[in-house]
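An overview of the molecular structure
Read off the chains here:
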Amino acid sequence: MSFLSLLSSLSRIPRVSSCNIANSFQSSRSITSKSQIISRNMATAQSGKGTKTVFTLNTGAKMPGVGLGTWQSKPNEVREAVKNALLAGYRHIDTALAYGNESEVGQGIKDSGVPRSEIWVTTKLDNPWHKRVSEGIDSSLKSLDTDYVDLYLMHWPSSSVPEDLKKHYDDWNFIDTWREMQKLVGTGKVRNIGVSNFVMSNLEKLLNDPSCKIVPAVNQIELHPNMPSPKTLQYCKEKGIHCTAYSCLGSTDSPLSKDKTLQSIAEAKGKSPQQVLLMWGLQRGTSVIPKSVTKSRIEANFQLDGWELTADEMQKISSIPDRFKVCGDAWLPVKVFFNEEGDGGDAPSH
Ligand SMILES: NC(=O)c1ccc[n+]([C@@H]2O[C@H](COP(=O)([O-])OP(=O)(O)OC[C@H]3O[C@@H](n4cnc5c(N)ncnc54)[C@H](OP(=O)(O)O)[C@@H]3O)[C@@H](O)[C@H]2O)c1
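You'll find the chain entered in an unreviewed UniProt entry as D-xylose reductase [NAD(P)H], with Exophiala oligosperma given as the organism. As recorded by UniProt, the Subcellular location (unreviewed entry) comment attached to the chain reads in full: "Cytoplasm". As recorded by UniProt, the Sequence similarities (unreviewed entry) comment attached to the chain reads in full: "Belongs to the aldo/keto reductase family."

1. So, the confidence of the model for the chain
For the chain, per-residue confidence averages 89 on the pLDDT scale, and 87% of positions sit at 70 or higher. Low pLDDT, under 50, characterises residues 1-18; the predicted model gives this stretch 18 contacts beyond four residues in sequence or across chains. Confidence drops under pLDDT 50 across residues 24-40; counting only partners more than four residues distant or on other chains, this segment forms 32 contacts.

2. Focus on unusual backbone geometry
One non-glycine residue, Ser229, lies in positive phi territory at about 45°. Position of Ser229 among the secondary structure elements: in the loop between strand S11 (218-222) and helix H8 (230-239). On the basis of neighbour counts, which here come to 22 C-beta atoms within 10 Å, the residue Ser229 falls in the buried class. Notably, Ser251 is not glycine yet its phi reads approximately 70°, a positive angle. Within the fold, Ser251 resides in the loop between strand S12 (242-246) and helix H9 (260-269). The class for Ser251 is buried, based on 22 C-beta atoms found within 10 Å.

3. Digging into the site of the ligand
Lining the immediate surroundings of the ligand are 29 residues, of which Gly69, Trp71, Tyr246, Leu249 and Lys291 lie closest. In terms of residue class, the shell around the ligand is made up of 10 nonpolar, 16 polar and three charged.

4. Description of the pairing of S12
Taken across its five residues, S12 has five buried, putting it largely inside the fold. Residues of S12 alternate between two faces, with His242, Thr244 and Tyr246 on one and Cys243 and Ala245 on the opposite face, all of them buried. The pairing of S11 with S12 spans five bridges and is classified as parallel. Residue pairing in the sheet places Glu222 in a bridge with Tyr246 of S12. The parallel pair S11 and S12 is bridged by H8, and the resulting crossover is right-handed. Two elements, S12 and strand S13 (residues 287-288), share two bridges in a ladder whose sense is parallel. By the bridge assignment, Ala245 is partnered in S13 with Val288.

Rules and cut-offs
- Residues numbered from 1 in each chain as written.
- Predicted model: local features only at pLDDT ≥ 70, side-chain atom pairs only at ≥ 80, totals over all residues.
- UniProt positions renumbered as here; feature names shortened; annotations may be inferred.
- pLDDT = per-residue confidence, 0-100.
- Contact = placed C-beta atoms within 7 Å.
- Helix = DSSP H or I, 4+ residues; strand = E, 2+ residues; numbered from the N terminus.
- Buried ≥ 20, exposed ≤ 12 C-beta atoms within 10 Å, placed from the backbone.
- Near = placed C-beta within 6 Å.
- Nonpolar A, V, L, I, M, F, W, Y, C, P; charged D, E, K, R; others polar.
- Pairing = 2+ DSSP bridges.
- Right-handed = clockwise from strand over helix to strand, strands pointing away.

What follows is the structure, encoded as structure tokens:
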């Protein structure tokens, strides 16, 4: 069945909303029947604890809860970091075309000797590639030297003009991009598709558009105690969209490690502030993708088994009042953050 005829047949099905059909196809990897798509479970689920945490996406795909981030991981560092992470037990790597390191990430995966089939690989479509989705995934697959990625994300809801990154296309937006990304499902090149940096209003626009036939499996957003975004998390949960926490340690030179509440909880538990931050992220139902190029830190960030945070400790960390945002939108041609959480934390402050 062609993609167009698939869409046309789906449009005749009674719908709860315009975009009620679950993202697909981790297990089947190809479109085989209409009922198969519709029977996909919309609910996301969490199982296991610590490094064994697994998130079941709305496709049925099972994503490891702890991954290695690679933003700002430089050439000559990231290959080794990916290898070290996989040897330490990580089975989830997060990269992006925009990071300029997909080739080394791919080499690190090969160096580790861990079979590709055991590793969850996420990469992202870069903003200037929104009109070239098919070329974007092909470029990433070539650089990563792999046949498929487990998760392909629209990096930002911003369709930048390649020749002038300060300009947004007049005749294209993220809804058009999603329409093109949906066409990748069933090609075997992507097993799940999702978005990143989507706030509630943009998700609402996307889900309500008639062209949206697949609910994003994941929304990867900035999440840490100084940017907890509970409303967005709740919204995504209701829509069956799993949230991955980026900058989960507070990113480079994080002020979080000096937070007194966090420090006292970490000290009492005999853990590092970073380990506590990762556990907090997992226990609130988000996957975490800490970045490090330092072997000892990569290993320490994966020591999350045999302990957990109490409800009281979770509450204390969730109540840290300070707000800061690592990734703002001033560099983009369109605004993508609108202080929808109402906590004034949308301006980047470090
Ligand atoms: N979708 C998006 O738009 C988006 C945006 C931002 C990030 N991301 C993804 O999310 C990942 C994580 O976010 P992030 O890179 O912003 O920051 P992060 O993971 O919150 O923090 C990384 C920083 O923490 C340091 N660090 C790591 N483990 C540590 C430890 N145990 N003790 C002390 N310091 C430690 C790292 O230093 P060393 O490396 O020097 O060890 C690095 O400076 C990224 O790498 C990327 O994959 C996605």
